[in-house]
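Listed below, chain by chain, are the residues.
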Amino acid sequence: MVTEKKVRVAIVGLGFGAEFIPIYQAHPNAELVAICRRDKAELNVCGDKFGIEKRFTDFDELLKDPDIDAVHINSPIPDHGPQTLKALKAGKHVACTVPMATSKEQIQEIVALQRAVGKVYMMMETVVYSREYLFAKDLYDRGVLGRIQFLRGSHQQDMDGWPNYWPGLPPMWYATHCVSPCLAVLSDPATGNAALAESVVCHGSGRIREDLIPKYNSPYAIETATFKIVGSDVVAEVTRSLFDTARQYRESFDVTASNVSFEWQQVEGEDPVLHMRGLPESQIPRRVKVPDFAGRLPEPIRKFTGAIHDATHLSFLQGGGHGGSHPHLAHNFLMAVLGAQPAFPDAPTSANWTLVGICAHESATKGGDRVAIPAY
Ligand SMILES: NC(=O)c1ccc[n+]([C@@H]2O[C@H](COP(=O)([O-])OP(=O)(O)OC[C@H]3O[C@@H](n4cnc5c(N)ncnc54)[C@H](O)[C@@H]3O)[C@@H](O)[C@H]2O)c1
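As the structure is a prediction and not an experimental result, all values here were calculated from the model.

Draft legend 1. The arrangement of the overall build of the protein chain in detail. Secondary structure summary: the protein chain contains 11 helices and 15 strands in total. Over its C-alpha atoms the protein chain spans a radius of gyration of 20 Å, differing by no more than 12% from the 21 Å that the globule rule assigns to 376 residues. Over its C-alpha atoms, taken along the principal directions, the protein chain stretches across nearly 60 × 50 × 40 Å. Taking all 376 residues of the protein chain together, the buried fraction comes to 56%. By sequence separation, contacts in the protein chain at least 24 residues apart represent 67% of the contacts at least 6 residues apart.

Draft legend 2. Focus on the sheet that holds strand β11 (residues 250–257). The sheet built from 9 strands is open, its strands ordered β14-β13-β12-β11-β7-β10-β9-β8-β15 with mixed pairing. Two strands lie at the open edges of the sheet, namely β14 (285–287) and β15 (371–372), each paired on one side alone. With 2 bridges joining them, β11 and strand β12 (residues 260–263) adopt antiparallel strand pairing. Bridging across to β12, V255 finds its partner in F262. Running at roughly 160° to strand β7 (residues 148–156), helix α7 (residues 176–184) makes contact with β7, β8 (197–205), β9 (222–229), β10 (235–241) and β11 of the sheet.

Draft legend 3. Unusual backbone geometry, seen in detail. V98 connects to P99 through a cis peptide bond whose omega is -10°. Looking at where P99 falls in the secondary structure, it is placed in the loop between β5 (93–96) and α5 (104–117). For the bond from F344 to P345, the omega torsion is 5°, close enough to zero to count as cis. Its place among the elements puts P345 in the loop between α10 (326–337) and α11 (347–365).

Draft legend 4. Highlighting the packing of α5 against α11. Contact geometry for α5 and α11: axes closest at 10 Å, N-to-C directions at 170°. Taken as axis vectors, α5 and α11 run roughly antiparallel relative to one another. Here K104, I107, V111, Q114 and R115 of α5 lie close against α11, whose contacting residues are A347, P348, A351, T354, L355, I358, C359 and E362. Residue composition of the contact of α5 with α11, grouped by class: 8 nonpolar, 2 polar and 3 charged.

Draft legend 5. Molecular detail of the site of the ligand. Lining the immediate surroundings of the ligand are 25 residues, of which L14, F16, S75, H80 and T126 lie closest. One of the backbone N or O atoms of S75 is found 3.0 Å from an oxygen atom in the ligand. Between a nitrogen atom of the ligand and a side-chain N or O atom of T126, the distance comes to 3.1 Å. Taking 860 Å² as the accessible area of the ligand by itself, protein coverage stands at 87%. With 4 residues, the top contributor of residues to the shell around the ligand is helix α4 (residues 77–89). Partitioning the shell around the ligand into residue classes produces 12 nonpolar, 10 polar and 3 charged.

Draft legend 6. Up close: the pairing of β10. Counting buried residues along β10, 6 of its 7 residues qualify, which places the element largely inside the surrounding structure. As paired strands, β7 and β10 are joined by 6 bridges and run parallel to one another. When the sheet's bridge partners are listed, Q156 is paired in β10 with S241. As paired elements, β9 and β10 share 7 bridges and run antiparallel to each other. Its bridge partner being in β10, T226 is matched across the sheet by E237.

Draft legend 7. A look at the nonpolar core. The biggest cluster of nonpolar side chains holds 126 residues, and the ones touching the most others in it are I21, Y24, L151, F227 and F253. Here this core gets 9 residues from one element, more than from any other, and that element is α11. Excluding anything up to four places from it in sequence, F227 contacts V179, C182, L183, A197, S199, V200, V235, A236, V238 and V356.

Calculation notes
Residues numbered from 1 in each chain as written. Predicted model: local features only at pLDDT ≥ 70, side-chain atom pairs only at ≥ 80, totals over all residues. Heavy atoms only, no water. Helix = DSSP H or I, 4+ residues; strand = E, 2+ residues; numbered from the N terminus. Rg over C-alpha atoms; globule rule 2.2 N^0.38 Å. Buried < 20%, exposed > 50% of the residue type's maximum accessible area, 1.4 Å probe, protein only. Contact = heavy atoms within 4.5 Å. Pairing = 2+ DSSP bridges. Axes fitted to C-alpha atoms, helices over the stretch in contact; angles between N-to-C directions. Parallel < 35°, antiparallel > 145°, perpendicular 65-115°, else oblique. Nonpolar A, V, L, I, M, F, W, Y, C, P; charged D, E, K, R; others polar. Near = heavy atom within 4 Å. Polar contact = N/O pair within 3.5 Å; in protein donor to acceptor, adjacent residues only side chain to side chain. Areas by Shrake-Rupley, 256 points an atom, 1.4 Å probe, with all protein chains shown as cover. Core = buried A, V, L, I, M, F, W, Y, C linked by side-chain atoms within 4.5 Å.

Interpretation note: all reported values are geometric properties and have no functional meaning in isolation.
The structure is reproduced here in structure tokens:
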């Protein structure tokens with residue numbers, strides 16, 4: 001899109017959130033006007049480092065500033081829902097890191113409010129802009145994979161030692177990284193036509209240590225779910241773990257299809273595998289180098305798909321900010337605010353992706369009963 005218009009963005013939460021500052025600063029259609037976090041000393045360190053003058057320790061004060069068009073929320077998980085609602089009520093466009101919220105009620109309220117106020121809402125799901133996902137999606141859209149027969153997502157991460165809202169969190173309350181690619185691959189982001197999940201069956205497996213259980217009353221080490229997709233015969237399976245499970249960090253996504261199947265790497269540093277039907281058995285699997293999709297971005301932010309991040313942050317280990325997704329996310333959000341394309345995922349789609357996990361945990365607590373996913 002060729003326009004000189006700039007969206008005036010504020011970033012809230014400066015742990016993970018700080019990684020987006022240089023991207024907005026470099027984007028031709030953005031102006032990073034303000035930052036917000038509660039700790040004043042740390043706020044000033046960040047403001048000085050990036051040369052940002054407007055600094056807020058109070059989110060409510062930030063929302064009163066008429067010079068801010070859009071907020072990008074990267075606060076702790078329990079704040080996502082309440083801060084999103086406040087920001088939409090204040091007339092701001094909202095980008096929010098995952099998950100959208102942690103209760104059905106909050107999610108329903110966000111979708112209704114977003115419709116009422118007409119501002120953009122986008123959940124900043126990294127996986128659906130990672131180069132591995134974009135590669136699989138491109139192969140599918142070009143007809144290389146053939147008919148999709150099954151989808152599988154997995155997100156395993158050891159959250160011991162992470163901030164206080166993590167210990168004991170039901171694994172499926174943070175499931176968007178494995179749910180979203182399964183639904184996004186069947187969607188059309190350009191038109192906003194999104195595949196949605198309809199119902200889910202989930203089992204809880206194993207047990208985390210006793211001191212972690214009471215906060216959320218969730219004992220499961222692993223939650224594993226299958227879900228049905230509206231208007232499709234394809235079923236997706238997703239697996240999550242957060243505590244007391246030996247596994248290197250894994251965010252993975254597999255597409256099993258009729259001609260060519262895609263499997264994300266199993267161990268960090270490996271390349272993904274394509275399985276090609278019709279070849280001699282030993283030639284069916286082939287490791288592939290995933291291309292970079294930086295060419296889809298405005299030139300000044302293309303460099304941010306590379307490994308540029310602070311080595312103290314986990315995303316560095318994941319290679320270029322979650323598969324190079326961060327500049328794609330910022331760009332998509334800005335283009336949605338400017339009306340050039342739909343937000344992907346928009347509010348109803350973000351709701352569905354998040355609700356799969358919330359309903360999956362509900363299913364696990366009911367011994368694996370099927371739970372219908374509400375449509376808002
Ligand atoms: N791949 C991904 O999509 C991905 C990766 C990492 C983190 N995240 C998400 O980003 C969020 C932040 O993660 P993190 O690791 O940076 O957490 P963190 O706890 O280290 O940082 C949270 C930040 O939010 C600020 N904050 C807390 N409460 C606030 C409030 N009321 N108002 C304004 N600022 C407030 C804190 O000062 C801090 O800067 C989490 O929700 C996490 O799920 C997503």
